[in-house]
Amino acid sequence: MKDEIDRKIITHLQANARASATYIANRMGIARTTVQDRISRMERMGVIEGYTVRLQKRPDSPSVQVLVMIEVTQKSTGKVVKALNEFPEVRKCLSINGDFDLCVSAEAPHIEDLDILVDAIGALPGVERTNTSVVFGTRIDRLPDDSL
């Protein structure tokens, strides 16, 4: 489906969705038409679903992020996810395998807000245990702001 050239084109577009086919072609040392044809093909195939704008975070925006790993009792996942959706601090909830069942990304202005949130998550019916990590910083970010 995707080869190394497609992956490099995608990497350029993830860094700058407005990059022109000419710009990408020059950086990669290939023909502009090759880049344009491949982008068109990836759009048709659904590999590229759309383009987005990333807004700069304002100084007054939430500044503390945590990842909460959650173990859920059998058959309680739906109820727990529904409850998690009610917390405005929760940005994303991923279903995962391994020792935990869910991974939640949450963000708030102060660590104290997240401490209260994690306690509330741990008290939800169906939650067996949680494990929380504070995010110190972002090393690579190719995803829109609302992603993990």
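Residues numbered from 1 in each chain as written. Predicted model: local features only at pLDDT ≥ 70, side-chain atom pairs only at ≥ 80, totals over all residues. Heavy atoms only, no water.

Asks: Hey, could you run me through the side chain of glutamine 65 in this one?
Replies: Checked against the element boundaries, glutamine 65 lands in strand 1 (residues 64-72). A distance of 2.8 Å separates polar atoms of two side chains, one belonging to glutamine 65 and the other to serine 105. Those residues in contact with glutamine 65 that sit more than four places away from it in its chain are Ser105, Ala106, Glu107, Leu114, Ser133, Val134 and Val135. (Helix = DSSP H or I, 4+ residues; strand = E, 2+ residues; numbered from the N terminus. Polar contact = N/O pair within 3.5 Å; in protein donor to acceptor, adjacent residues only side chain to side chain. Contact = heavy atoms within 4.5 Å.)

Asks: Would you take a moment to explain the pattern of salt bridges for this structure?
Replies: Applying the stated criterion to the full structure yields five salt bridges. Of the charged contacts in the structure, one is a salt bridge between glutamate 4 and arginine 7, with a shortest N-O distance of 3.7 Å. Of this pair, glutamate 4 and arginine 7 both sit in helix 1 (residues 4-15), separated by three residues, roughly a single helical turn. Since its relative accessible area comes to 40%, arginine 7 is described here as partly exposed. Salt bridges sharing common partners tie together Asp3, Asp6, Arg38 and Arg41. (Salt bridge = Lys/Arg side-chain N within 4 Å of Asp/Glu carboxyl O. Buried < 20%, exposed > 50% of the residue type's maximum accessible area, 1.4 Å probe, protein only.)

Asks: Teacher, can you tell me more about the nonpolar core here?
Replies: If you look at soluble globular proteins, the nonpolar side chains tend to sit buried side by side. In terms of nonpolar packing, the biggest core is built from 19 residues, with Ile70, Val80, Leu84, Phe87, Val104 and Leu114 touching the most fellow members. Ignoring sequence-local partners within four residues, the contact set of valine 104 consists of Val66, Leu67, Val68, Ile70, Leu84, Val90, Lys92 and Cys93. By size, the runner-up hydrophobic cluster in this structure holds eleven residues, among which are Ala19, Ile24, Ile39 and Ile48. (Core = buried A, V, L, I, M, F, W, Y, C linked by side-chain atoms within 4.5 Å.)

Asks: Got a minute to help me understand helix 3 (residues 32-45) in this structure?
Replies: In an α-helix, one turn spans 3.6 residues; hence positions three or four apart end up facing the same way. Taking 1.5 Å per residue, 14 residues should reach 20 Å; helix 3 reaches 20 Å between its end C-alpha atoms and fits that length. Among the residues of helix 3, those classed as buried are Val35, Arg38, Ile39 and Met42. In a view along the axis of helix 3, the buried residues occupy a sector of 100°, so they form one face of it. Turned more than 90 degrees away from the buried face of helix 3, the exposed residues are Asp37 and Arg44. Where the residues of helix 3 are buried, they touch helix 1 and helix 2 (21-28). (Expected span 1.5 Å × (residues − 1). Arc of directions from axis to C-beta.)

Asks: Hey, could you run me through the environment of methionine 28 in this one?
Replies: Following the sequence through the fold, methionine 28 ends up in helix 2. Sequence-wise, methionine 28 and isoleucine 5 are 23 residues apart; in three dimensions their C-alpha atoms are separated by 8.5 Å. Ignoring sequence-local partners within four residues, the contact set of methionine 28 consists of Ile5, Lys8, Ile9 and His12.

Asks: Would you take a moment to explain the side chain of arginine 38 for this structure?
Replies: With respect to the helices and strands, the residue arginine 38 is situated in helix 3. Residue classification places arginine 38 among the buried positions, given a relative accessible area of 18%. Apart from the residues lying within four places of it in its own chain, the contact partners of arginine 38 are Asp3, Ile5, Asp6 and Ile9.

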